[in-house]
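# Structural overview
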Amino acid sequence: MSSSPATGWRKRLQHEWLLLVFAALVLLLALLDPRPVDDYRRWLQLPTLAGLTGLLIAIQGIRDSGLAQHAAAASLARAHSLRSLGLLLVVASALLSMALTNDVSLFLIVPLTVSIGAMSNLPVLRMVVLEALAVNAGSTLSPIGNPQNLLLWQHSRLSFLDFALAMLPAAAVMLALVAALTWYWLPRDRVALSPQRIDGAVHSGRLGGWSMAALVGMVVAMEYDLAPLGAMALLALFGALARASLARIDWLLLLTFAAIFLGLGHFAELPLMQRMLDGLHLDQPPVLFAGGIVASQLISNVPATVLLLDRSPDAVALAVAVNVGGFGVAIGSLANLIALRLARQPHGLRQLHRVSIPFLLVCAPLVYLVSRCL
């Protein structure tokens, strides 16, 4: 007897521990510290959720069209070794994150990586972990590379170039460490193709064209603060022309992010947290650097930026700290969670932490020393 849709959803929810944990946190905080509805609306970050919705729709269309598989086959045709292929993907991730933000670059790179892995011996999970590190490192350099930089760039009143130059030492250390890790961690083996699994054909050029246009349109909509309008347009378009793609979207990812935004937003504004911050001497560089990293590990780097912004005397120093704080635990940067969810690899969280936490412990002191010396 086939199970009902409700039973299928219940089974899926049993494996969504991150969603369940943060949903429980939201309920607990709502009971212990009730707030007005406007606070919950602010914490929910509806424009960000709308942007994620639009990106998920466009990327699912690209996957279903076969464009990602076609690009993967073309990349493999030019690859000589796993190490060189991995470095190419890491560099592409870092460069894209500087212009398109770390989240958007992952929506492009991770599906391509998964498709390459299906056709070859590329270790997909290792590669996705490296790409998560690469977008966090690359986006550090750009004032528009991630939400915390955009906020701090506007707050600092520096020019685009001056802000980028101020972030250059920290970004250079991060990128050098990611490149060294990629070179060390990926095998030197030649790329071995799996002929029976290679499918470089574009199955639906029309769907691929719509989806690419949708992706570009969604990025533009996000740039001009029109993400909700863009997401509604894509829902209508795909609902009429590609309903099967909508059904395959990971809607639980959006619920997970909604729970994370609500839980962390409320947690950051608890009176206890505010009193703890009032006791910190953030005018001292070591305290600000350590505070930004620790706050990012607890509540993610974007909420940490909002929390510390008005208390920090140096916007650039805070930017360095919260960008470093994107490494370490997965919650440090929401890009980490997006990368793992797009890849859908077993034991992804464990592998990320095995690499990202030691990476933070090495990266943090080096970035601090370089930033203080230059």
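Below you will find a few notes about this structure. All figures in this text were calculated on a predicted structure; none of them were measured in a lab. (Residues numbered from 1 in each chain as written. Predicted model: local features only at pLDDT ≥ 70, side-chain atom pairs only at ≥ 80, totals over all residues. Heavy atoms only, no water.)

## Quick look at the packing of aromatic side chains
One pair of aromatic rings is described through two measures. These are the centre distance and the angle between the planes. Cut-off, in case you're wondering: Any two of the Phe, Tyr and Trp rings considered here, Trp counted by its six-membered ring, make a pair once their centres fall within 6.5 Å; the pair's planes then place it as stacked at under 30 degrees, edge-to-face at over 60, or tilted in between. Here a helix means four or more residues in a row that DSSP labels H or I, a strand means two or more in a row labelled E, and each is numbered from the N terminus. Whether a residue is buried, partly exposed or exposed follows from its accessible area with a 1.4 Å probe, protein chains only, as a fraction of its type maximum: under 20%, in between, or over 50%, in that order. Geometrically, a lysine NZ or arginine CZ counts as sitting over a ring once it is within 6 Å of the ring centre and also within 35 degrees of the ring normal.
Enumeration according to the criterion identifies 5 aromatic pairs in this entry. Centroid distance Y40 to W43: 5.2 Å. Interplanar angle 80°. Geometry classified as edge-to-face. A residue pair is termed a helical-turn pair when its members lie 3 or 4 positions apart in one helix, as Y40 and W43 do in helix α3 (residues 37-44) at 3 residues. With centroids separated by 5.1 Å and ring planes inclined at 45°, the aromatic side chains of F289 and Y368 adopt a geometry described as tilted. Residue F289 is found in helix α16 (residues 285-299), and its partner Y368 is found in helix α20 (residues 348-373); the two are separated by 79 residues along the sequence. With a relative accessible area of 12%, F289 lands in the buried category. What makes Y368 partly exposed here is its relative accessible area of 21%. Lying across the ring of W183, R83 places its NZ or CZ 4.2 Å from the centre.

## Remarks on the pattern of salt bridges
Selection criterion: Salt bridge, as used here, is a side-chain nitrogen of Lys or Arg placed within 4 Å of a carboxyl oxygen of Asp or Glu.
One pass over the full model with this rule turns up 8 salt bridges. Linking D38 and R41 is a salt bridge whose minimum nitrogen-to-oxygen distance equals 2.5 Å. Of the two residues, D38 and R41 are both situated in helix α3; the distance of 3 residues between them amounts to about one turn of the helix. Note on D38: relative accessible area 52%, which makes it exposed. Here D250 makes a salt bridge to R341, at a shortest N to O gap of 2.5 Å. Placement of the pair is D250 in the loop between α13 (243-247) and α14 (251-268) and R341 in helix α19 (residues 334-343), with a sequence separation of 91 residues. Judged by relative accessible area, which is 18%, R341 ranks as buried.

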